[in-house]
Amino acid sequence: MKAKSRVVITGLGVVCANGVNVESFKQSLFQGRTGIEHLSILDELEFRCQNAGVPPLSENDIQSFLSSLNLSYVKSSGIAYGLMAGKEAMRDASISFDSNQLIPRMGCIFGTGSNAAESSELQNDYIHSDRVIDNLDILPIQSLASGVSIYLNKIFGFGGEVTTNSSACSTGTEGLLMAYDYISEGLIDKMLIGSSESSSPFVWSPFDAMFATSQGFNEHPELASCPLSANATGFVPSAGAGALVVESLDSALARGAHIYVELLGGEINSGGQRKDGSMTLGNSDGMVRCIQHALQNAGVISNEIDFISGHLTSTIGDVREVQSLYHALDWKHVPMPFLNSTKSMIGHSLSASGSIETIALILQMCQGFVHPSLNAFPLHPEIEPLVALNKIPTQTVETAALQIGMKISLGFGDVNACLLLKKMNLN
Amino acid sequence: MRRVVITGLGCVAPYGRGLEKFENALRAMTLGYHEQEILNGYKLKNKVAAIPTLSESEIVGFTDTYRLVKLRSSAILYGLMAGVDAWENAGLPIGAHTESDPLWRAGTIFGTSCAGVDAFCYNVDLARQKKSRKMGGRIAQQAMNSGISAYLGGILGLGNQVTTNSSEGNTGLEAILQSYYRIAFGKADIMLAGSTESSMTNIFSAYDLMKTQYGAPATLRKNPELYYSPLSNENNGFIVGAGSGALVLESLDSALARRATIYGEIVGAHLNSGGQRQGGNVMDINVDQLTNCISETIQMGALNGVNIDFVNGCLQSDYCDHKELEALSNAFEKNQTTVSYLESTKSLIGHCLSASGGLEMVASLLQLKNGFIHGTHRPLSIAPKDQDLLTQLICQMSDSSISAIPISNFLKVSFGVGDVNACIAVKKYIYES
């Protein structure tokens, strides 16, 4: 039987609430800077939660980026973010492309849940009103969930599988694990993996309607996202994209690529909405099993994990997540690693969260710091007994030895994804 | 890589829900598309579409049984019907709701492009009027693109990977191939694989506006009974449909252990992209890459030098048809493979967009299992350059059904907007004594 290839990450790109590229994202994480703001549009629409995390890009910034790619007709902010992040990641990985050649043995899985928001709205207006809308013949392509992977393919010309995945909040993490399987089994050498979500308020309104979003913090956006806390009342929605180049170790070494970390593998599963699970809150057995199997698949044991980037959304789900981590990783006997929530700074970017937050994890691991989990204290009373207080940083831990890191994502539909990363120590 | 077979089928085709209806219609070559009154008032130039016929009582009966409260998404409804039917067709039980563990080794990859649009537009209307609170708590799960897989996961109690893929016309076959890999790699034993698409009128309106890069409308503007014709010289454009097709994929070991009915074994699989280069584009195909996709599938399935009983083409009755035939021809020549019949299920059911791959695979498996070939509706004659290729391949695109013919294998090809391709080879499973 052929040995499986080892898999590494060689490029990163990000656009999110507190950073419009990898460097500014890293700075913001290190400085503990929130990207969450009060948005007047949400006030006008009378949303319960009027705070959100939107990438700090002007309409002009986005338009000139799209123009440079001859894609001025792209109305979906999610597609624009995905293209920005994808471009940054490919450049970071030093993968060249041109308009005539294919990139052989390279594919792309770029996910979303609601990138179609803006174009669907325009399409609806075209049908039901006299509103004049440009480029109606090309707009429908943005209403396809695969719009972002279609336009990434237009720019880069991948020769392998090119598609879009959707599994709600676990989308980005799931994409990385699908890439892991394809690459380790030798089906392909490289993949551009990521996910994106639009900043249209109509992406967020359904969550606002079901009391899933943050309540009572409209005057204090900087406090609104408080994962792990007793004060948490719901998530702060946000938008953006994260992109990663995932590659076989052999391919990376052969072309002298810079390697960030090794992707050791992980697990994707579901709680089936059975037992204590439902559409909106996961089955704890499913979470525990996902974590345990992820460790087994990655060949890692609990006491080797130095750092966990939680899903931790600032909702009631945080309690169940920490309980699951406690049981799966046996924190009764094994010292707990660092635990933080990037959502405390950027909010919940839904389908984009797994990608953006895995990038945050990689940046922290490589530079050896742990960003604060903002507003985590006072901890939720059901979380406090389960954790070591000094492992949930309130300020940046500026120097930390982080060999092995774990990312967990939990999505609507009771879907779970968990992956393990290891710092590459190559001479 | 483990061996993978197909043990269950389910569908909601334009003719309605159920395999029997579908098979009867395919054999009789009943056209599933016609002018739809419901499309009046949507600024469409062409009001012909293939929309599934479901009675009010069928719908209410289903939503009551599965306690689907306030379901707004037609795509989720179709996908759930097809998915549940495939599961039951496979002889698999649906576990009691709260008590049981999920089925850890069973998952789903169920694709769609626009399933969320019905719920999304409802949400926008309310939110703009500052009445978000009226939409209730079940819109987010229907507006998100993964709604269909989430709902299926909850009804069937799936504990493995539960996700949705999207690649427009390539979605269905891609879901099946991704599921194939999940099982072949040993990560799951059973996968419900399929795809669905919404019949919301906005989708028909959107496609009605789409143009090819040659500036022509992508969809048909003429009477389909007279002009919807694969491989013709006229390339009139396609007709849009909706619905869902679903398969249960299973490891061979699991299927044999529970004595499941086996429709066929997946022996060849390939996914690739033309990169929108070398002749490819957002709305066009890179012939070399489609050729490679088919060729890799043939080689993986050890079908070099073998006869393929039929190819179920993508064949959507537009300018892509000829390129597809070129790619097939190149791939067959390269591998010294021959083929008896080429067919277009779209000629009967229209282009059901993301649902097409699922539905056309169900059609192909029914033909494999029950030994028939459905005819291709082709009111216009085949273009001379295409007829030449067919002659060279000694292949027929029969305009009438062949009701009793032994079938031992087939190949299915698909591609979608964005220049993405998929190909699968399926053989009848021979039980080893």
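Refer to the structure printed above.
Reference entry: report on the structure contained in this document. Everything numeric in this text was worked out from a predicted model, so none of it was measured.

With respect to the interface of chain A and chain B
If you look at the interface, chain A gives 79 residues, while chain B gives 82 residues. Between chain A and chain B the total buried area reaches about 6,500 Å² when both faces are included, carbon and sulfur atoms providing 56% of it. Linking chain A with chain B are 6 salt bridges. The salt bridge involving A:Asp181 is made with B:Lys187; its shortest N-O contact spans 3.0 Å. Contributing elements (two or more residues each) for the side of chain A that touches chain B: helix H5 (117-128), helix H6 (139-143), helix H7 (147-156), strand E5 (162-166), helix H8 (171-184), helix H9 (201-209), strand E8 (261-270) and helix H12 (284-298) of chain A. Here the side of chain A that touches chain B takes 9 residues from H5(A), the largest share from any one element. Tallied by class, residues from the side of chain A that touches chain B come to 30 nonpolar, 31 polar and 18 charged. As paired elements, E5(A) and strand E6 (residues 162-166) of chain B share 3 bridges and run antiparallel to each other. Counted as the bridge partner of A:Ser166 is B:Thr164 from E6(B).

Quick word on the packing of helix H3 (residues 59-68) of chain A against helix H4 (residues 77-92) of chain A
Residue and element names in this part refer to chain A. H4 packs onto H3 with a crossing angle of 65 degrees between their chain directions and a minimal axis gap of 11 Å. Like other packed secondary-structure pairs, H3 and H4 cross with a definite hand, here left-handed. Contacts between H3 and H4 pair Ile62, Phe65 and Leu66 from the former with Ala80, Tyr81, Leu83, Met84 and Lys87 from the latter. Within the contact of H3 with H4, the residues separate by chemical class into 7 nonpolar, no polar and 1 charged.

What about the state of the cysteines?
By the definition in use, this model includes 0 disulfides over all chains. Cysteine A:Cys49 shares no disulfide, and the gap to the nearest cysteine sulfur, in A:Cys226, comes to 11 Å. Exposure remark for A:Cys49: the relative accessible area of 1% places this residue in the buried category. For the unlinked cysteine A:Cys108, the closest cysteine sulfur is that of B:Cys293, found at 17 Å.

Considering the packing of aromatic side chains
A ring pair, where both rings are aromatic, is described by two values, the distance of the centres and the angle of the planes. As enumerated under the stated definition, the model contains 16 aromatic pairs over all chains in all. Consider the rings of B:Tyr214 and B:Tyr319, whose centres lie 5.2 Å apart with planes at 85 degrees: the pair is edge-to-face. Here B:Tyr319 lies in the loop between strand E11 (307-312) and helix H12 (320-335) and B:Tyr214 lies in the loop between helix H8 (201-209) and helix H9 (224-227), a separation of 105 residues in the sequence. Assessed through its relative accessible area of 55%, B:Tyr214 is described here as exposed. Its relative accessible area of 16% is what places B:Tyr319 among the buried residues. Positioned over the ring face of A:Tyr126 is B:Lys43, at 4.7 Å from the centre of the ring. One cation-aromatic arrangement involves B:Lys369 over B:Tyr263; the distance from NZ or CZ to the ring centre is 5.6 Å.

The rules behind the values
- Residues numbered from 1 in each chain as written.
- Chains lettered and ligands numbered in written order.
- Predicted model: local features only at pLDDT ≥ 70, side-chain atom pairs only at ≥ 80, totals over all residues.
- Heavy atoms only, no water.
- Contact = heavy atoms within 4.5 Å.
- Buried area = accessible area lost by both parts, 1.4 Å probe.
- Salt bridge = Lys/Arg side-chain N within 4 Å of Asp/Glu carboxyl O.
- Helix = DSSP H or I, 4+ residues; strand = E, 2+ residues; numbered from the N terminus.
- Nonpolar A, V, L, I, M, F, W, Y, C, P; charged D, E, K, R; others polar.
- Pairing = 2+ DSSP bridges.
- Axes fitted to C-alpha atoms, helices over the stretch in contact; angles between N-to-C directions.
- Left-handed = near helix turned anticlockwise from the far one by under 90°.
- Disulfide = S-S within 2.5 Å.
- Buried < 20%, exposed > 50% of the residue type's maximum accessible area, 1.4 Å probe, protein only.
- Phe/Tyr/Trp six-rings, centres within 6.5 Å; stacked < 30°, edge-to-face > 60°.
- Lys NZ or Arg CZ within 6 Å of the ring centre and 35° of its normal.

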